[in-house]
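Listed below, chain by chain, are the residues.
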Amino acid sequence: MTSGGLAVGGTPGDRRAWLAAPELSPEAVLGRIGRENFPVALRWLPRALRRDLIAIYGAARLIDEAGDSACGDRAALLDELEADLLAAFAGEARHPLLRRLTPLAAAHGLTPDPFLRLIAANRFDQNAPDIASWDALRDYCRLSAQPVGELVLRVFGQASDENLRDSEAVCTALQVLEHCQDVAEDARAGRCYLPADDRARFGCTAWDLMTAPAPHGLRRTVALQVERGRELLAHGDALCARLHGLARPVVAGYAAGGWATAAALERAEFDPNHQPVRPRRIATLRHALRVAWGSRGRA
């Protein structure tokens, strides 16, 4: 149990306290949908499909908020959240967002594993990570990002090995680009997801991570990650060419958010610190049409 903020651990009452934490309420968690780089669940989708996509988002975002912004002992909170997540697959979850996983899992044959990987990523975040290399960053994304793409493909019944491989590339790109946007925020939290070997190569110091405007070394480091992100996003074209039905525009929208974010970072001259870097909606729409329509032409 911690003093101040959210208390987790100790008595049963303590262990239930996280359920009432305002930052983890369904309203607070789902209120972040409009702040994502990509359209989470397009409004014109059928109601049942939107419900399923929002259920995935709600659980994933709840896990991230528990690891990033919850008050108190976050490691203990993640333990409580994991227990409640597993309870969801037995129809016994307590948190409203995790209760939504019960019918979702039953309808689509989902297992807890992708969600457990998301929790593992947030446990890793609690140890002030300083990512050593590009390979290490991609390994982290196997926990922090790729499970979400897998869940989406399983909801659509299109989780072939080939589709999963391309989805992993797209999800990794989305995560890398988000880290590029959040350099200073992560640094203030004692974390850095820009590979250390790249920072050393370009002379980017720890101080540079929070300096605005961003020094040259930080800009060059970010530019390299954006270049790598775009290479990974290109897998979205092949992925969408194989997808059918509503899976194609949904996944194209996710990839498009990545392309638009990369463009926003380039437009900011790879400086994420001077002012917030956000993708333009018109750019996201343009890229979504290109990915989805171009994929249709290649299918």
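Whatever comes next refers back to the structure up there.
Residues numbered from 1 in each chain as written. Predicted model: local features only at pLDDT ≥ 70, side-chain atom pairs only at ≥ 80, totals over all residues. Heavy atoms only, no water.

Q: Tell me about the pattern of salt bridges, and name the residues and values.
A: With the rule as written, the count across this model stands at 21 salt bridges. Across the pair E82 and R123 runs a salt bridge whose closest N-O atoms are separated by 2.8 Å. Taken as a pair, E82 in helix α4 (residues 74–88) and R123 in helix α7 (residues 113–125) lie far apart in primary sequence, 41 residues in all. Relative accessible area serves as the criterion here: at 29%, R123 is assigned to the partly exposed category. Each of R32, E36, R61 and E65 takes part in one network of salt bridges that share partners. (Salt bridge = Lys/Arg side-chain N within 4 Å of Asp/Glu carboxyl O. Helix = DSSP H or I, 4+ residues; strand = E, 2+ residues; numbered from the N terminus. Buried < 20%, exposed > 50% of the residue type's maximum accessible area, 1.4 Å probe, protein only.)

Q: Quick one: what's the story with the packing of helix α10 (residues 161–181) against helix α14 (residues 235–242), residue by residue and with numbers?
A: Between α10 and α14, the least distance of the axes is 8 Å, while the angle of their chain directions is 145°. Helix-helix and strand crossings are classified by hand; for α10 and α14 the assignment is left-handed. Contact with α10, carried on its side by E162, N163, D166, S167, A169 and V170, involves H235, G236, A238, L239 and R242 of α14 and no other residues of that element. (Axes fitted to C-alpha atoms, helices over the stretch in contact; angles between N-to-C directions. Left-handed = near helix turned anticlockwise from the far one by under 90°. Contact = heavy atoms within 4.5 Å.)

Q: Would you mind going over the side chain of H287 in detail, with residue names and values included?
A: With respect to the helices and strands, H287 occurs in helix α16 (residues 281–298). A relative accessible area of 14% means that H287 is categorised as buried. If sequence neighbours within four positions are ignored, H287 has contacts with A256, W259 and A260.

Q: Before we move on, could you go through the state of the cysteines and cite the residues and values that matter?
A: Enumeration over the complete set of coordinates arrives at zero disulfides. Unpaired in this structure, C141 has its nearest cysteine sulfur neighbour in C171, at a distance of 9.4 Å. The thiol sulfur of C192 is not disulfide-bonded, and the nearest other cysteine sulfur, from C204, lies at 7.1 Å. With relative accessibility at 7%, the residue C192 sits in the buried group. (Disulfide = S-S within 2.5 Å.)

Q: Explain helix α6 (residues 101–108) residue by residue, including any values.
A: Turning to α6, its buried residues are L101, L104 and A105. The buried residues of α6 all sit within an arc of 95° when viewed along its axis, so they share a single face. Across from the buried face of α6, at angles greater than 90 degrees, the exposed residues are P103, A106 and A107. Packing partners of the buried residues in α6 comprise α3 (47–68), α4, α5 (96–99), α7 and α9 (146–155). Within two residues after α6, G109 carries a phi angle of roughly 65°, on the positive side. (Arc of directions from axis to C-beta.)

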